[in-house]
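# Commentary on secondary and tertiary structure
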Amino acid sequence: MNIRHYIISASAAVAFLSAPAADRLMLLGDMHLDRIGNHDMEWLATKGDNLRQVTREYTVWTRDNFPSFAKTVCDAAQHCSAVIQLGDLSEGLAGNQAKAHEMANDTFLTIDSLGLNIPFIMTKGNHDITGPGAKEAFRNVYLPAMSRLSQQNDTLKSATYSKTIGSDIQIVCYDPWDNKSTPALLDSLFRSSPARHKFIAIHEPVIPVNYRCWHVYRKDDKLRSQLLETIARNKAIVLCAHLHKYSVVKRRTPYGPIIQIMVNSVISKPTRDSDPTITADYGLSIFDGYESWDPASEAQRRQWIEEETQHVDFYRYADINGYATLDIDNDSLILRYFYGSETAPVETVNISNLYQ
C-alpha cells in the first residue's frame, strides 16, 4: 500500500486551502459540553469515575478550552455548507429529570450562541441519553432543537433522519439504539435521494479502529452484515466519533469498499506541544500496551480485529482532538484534520483516491 497516494503533502494542502470547494462540510466529534451546575452532585458522587471525569475533565475543558475552539469553528464555518456533529454533544449524567432538561437547554443555548447560519446536523450519542431524565430530555429538548438547527421542515420524531445539502450531498443520521432503525430503513433513506455523495452520520464506529473494539452491532453478526452491505451498496461514507480519537479506515466488502472517518472534538488541549504520532498499521499490534484493559473481553476483541485485518486496506489513527473539514467538488473529496483550535491541518487525506 502506497500511503503517499492518499496523504497530501503540507504544501499541497495549503495550496488546496486557497481554492474554494463546491461544498465544504465541517465535521465535529464528541464535545461533552458540561457545567457543574447542570449536575445533581449527590447522585453523581455515586457513579465512580464519572465524578472525576465531570469535575476534572469535561467541565474544566468546557470552561477553559471551548471558547477558543468555538471561535475557530465559527470562523471556519463561514466557508462551509453544513456542520455535522457526531453525537455526545453534552456530557449527560445530569442526575435527575429537572437537571437533564436544564443541561439540554443550556447545551443548545451554547450552540445557538455560535450564530451559525448553515445547517447544524446532529446524530445521537450515548451520553446524550445517559442518566435519569436524559431520554425524556432528548425527546423534549434535543429533537426539536435538532430539527431547528438542521433546518428540517418538520419536528423530528426520531434521531434517524435524512438531510440533503444542495443537490449533491445526502447525510443520513442513524440511531442504532432505536429498534425501529434498521439497515433496511437506512437503505430506503439512501435510495430516496439522487445525491451523488452519501454519508451516514453515526456515533459509534462501524469498523473497529482501536483496542476497545467499540463498534455498532458488534454482538449481532446479522445486523452488522446487513449494515455493512447497505453502506457499501450505497457508496456511503461513514462519519463517526465515540472513541475520542482521529481515524480514517478503508474496509473491503463483497459489495464495494467502506470508508470511515472518525473525529474527536473533546478539546482537552487547544494546541499541540509536538506533532502527533499517526499509526498506519492495522492489526493485533493495536493491543500493544493495552493488554490490561478489560481482560475478560480480550479474546473476543482480538478475534474481531483479526477478522477485520483481512479486509482493511488503509488505516490512519491518532490521539488528536479538534475538527475536520471535507471538501467536495464533483468526484473529488479531500479531508483535512485540524488539532484543537489550530487553523493549519495536521493531516490531509485524499478520500477520492481510496475508492480507486
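Analysis parameters
Residues numbered from 1 in each chain as written. Predicted model: local features only at pLDDT ≥ 70, side-chain atom pairs only at ≥ 80, totals over all residues. Heavy atoms only, no water. Helix = DSSP H or I, 4+ residues; strand = E, 2+ residues; numbered from the N terminus. Rg over C-alpha atoms; globule rule 2.2 N^0.38 Å. Contact = heavy atoms within 4.5 Å. Areas by Shrake-Rupley, 256 points an atom, 1.4 Å probe, with all protein chains shown as cover. Lys, Arg positive; Asp, Glu negative; His and termini not counted. Charge placed at Lys NZ, Arg CZ, Asp CG, Glu CD. Core = buried A, V, L, I, M, F, W, Y, C linked by side-chain atoms within 4.5 Å. Buried < 20%, exposed > 50% of the residue type's maximum accessible area, 1.4 Å probe, protein only. Expected span 1.5 Å × (residues − 1). Pairing = 2+ DSSP bridges. Axes fitted to C-alpha atoms, helices over the stretch in contact; angles between N-to-C directions. Polar contact = N/O pair within 3.5 Å; in protein donor to acceptor, adjacent residues only side chain to side chain. pLDDT = per-residue confidence, 0-100.

### Details of the overall build of the protein chain
Summing up its helical and strand segments, the protein chain has 10 helices and 14 strands in all. For 356 residues, the compact-globule formula gives about 21 Å, and the C-alpha radius of gyration of the protein chain, at 19 Å, lands near that figure. Principal axes of the C-alpha set define a box for the protein chain whose edges measure 55 × 50 × 45 Å. Within the protein chain, residue pairs in contact and separated by at least 24 positions form 72% of the contacts whose partners lie at least 6 positions apart. Approximately 15,100 Å² of the protein chain is accessible, and the part contributed by carbon and sulfur atoms is 48%. Across the protein chain, the mean location of the 36 positive side-chain charges is 3 Å away from that of the 42 negative side-chain charges.

### Observations concerning the nonpolar core
Counting residues in each nonpolar core, the largest one holds 73 residues, and the members touching the most others are F199, L335 and I351. Counting residues per element, this core draws most heavily on helix 6 (residues 134-149), which supplies eight residues. With near-sequence residues (within four places) excluded, F199 lies in contact with L25, I169, Q170, I171, V172, F190, A236, I237, L239, L326, I328 and L333. Core analysis: the second largest hydrophobic core is formed by 33 residues, V216, Y282, I286 and F287 among them.

### A few points about helix 4 (residues 66-77)
For helix 4, spanning 12 residues, the distance from its first C-alpha to its last is 16 Å, which sits close to the expected 16 Å at 1.5 Å a residue. Along helix 4, the residues that are buried comprise F66, F69, A70, T72, V73, C74, A76 and A77. The inward-facing, buried residues of helix 4 abut strand 2 (23-28), helix 3 (49-64), strand 3 (82-85), helix 5 (97-113) and strand 12 (322-329).

### Thoughts on the pairing of strand 13 (residues 332-339)
The buried fraction of strand 13 is high, at seven of eight residues. Here strand 12 runs beside strand 13; their pairing, made up of eight bridges, is antiparallel. The partner of L326 across the bridge, within strand 13, is L335. Linkage of strand 12 to strand 13, two consecutive antiparallel strands, is achieved through a turn of two residues, within which N330 is found at a positive phi near 60°. Summarising the sheet, strand 13 and strand 14 (residues 345-350) pair through five bridges and their orientation is antiparallel.

### Some points on the sheet that holds strand 5 (residues 161-165)
Reading across the sheet, the seven strands line up as 5-6-7-8-10-9-11 and stay open at both edges, with mixed pairing between neighbours. A single partner strand is all that each edge strand has here, and the edge strands are strand 5 and strand 11 (312-318). The sheet shows a mean angle of 15° between the axes of neighbouring strands, taken without regard to direction. Where strand 7 (residues 197-201) lies against strand 8 (residues 236-240), four bridges are found, and the strand directions are parallel. Within the sheet, the bridge partner assigned to K198 lies in strand 8 and is A236. Against the sheet, helix 7 (residues 183-191) makes contact with strand 5, strand 6 (169-173), strand 7 and strand 8, and its axis sits at roughly 160° relative to strand 6, the strand it touches most.

### Digging into the pairing of strand 6
Summarising burial for strand 6: five of the five residues are buried, a large majority. Burial along strand 6 is two-sided: the residues I169, I171 and C173 and Q170 and V172 are all buried. Hairpin connection of strand 5 to strand 6: three residues between the antiparallel strands, including G166 at a positive phi of 65°. Note that strand 6 and strand 7 share five bridges and pair parallel. Its bridge partner being in strand 7, V172 is matched across the sheet by I200.

### What to know about the environment of H242
Looking at the element boundaries, H242 is found in the loop between strand 8 and strand 9 (246-251). Separated by 40 residues in the primary sequence, H242 and I202 place their C-alpha atoms 9.3 Å from one another. Polar side-chain contacts of H242 include one of 3.0 Å to the side chain of H203.

### Quick word on the confidence of the model for the protein chain
Mean pLDDT over the protein chain works out to 94, with 95% of the residues at or above the 70 mark. With pLDDT under 50 throughout, residues 13-18 is counted as low confidence; its partners more than four residues away or in other chains account for nine contacts.

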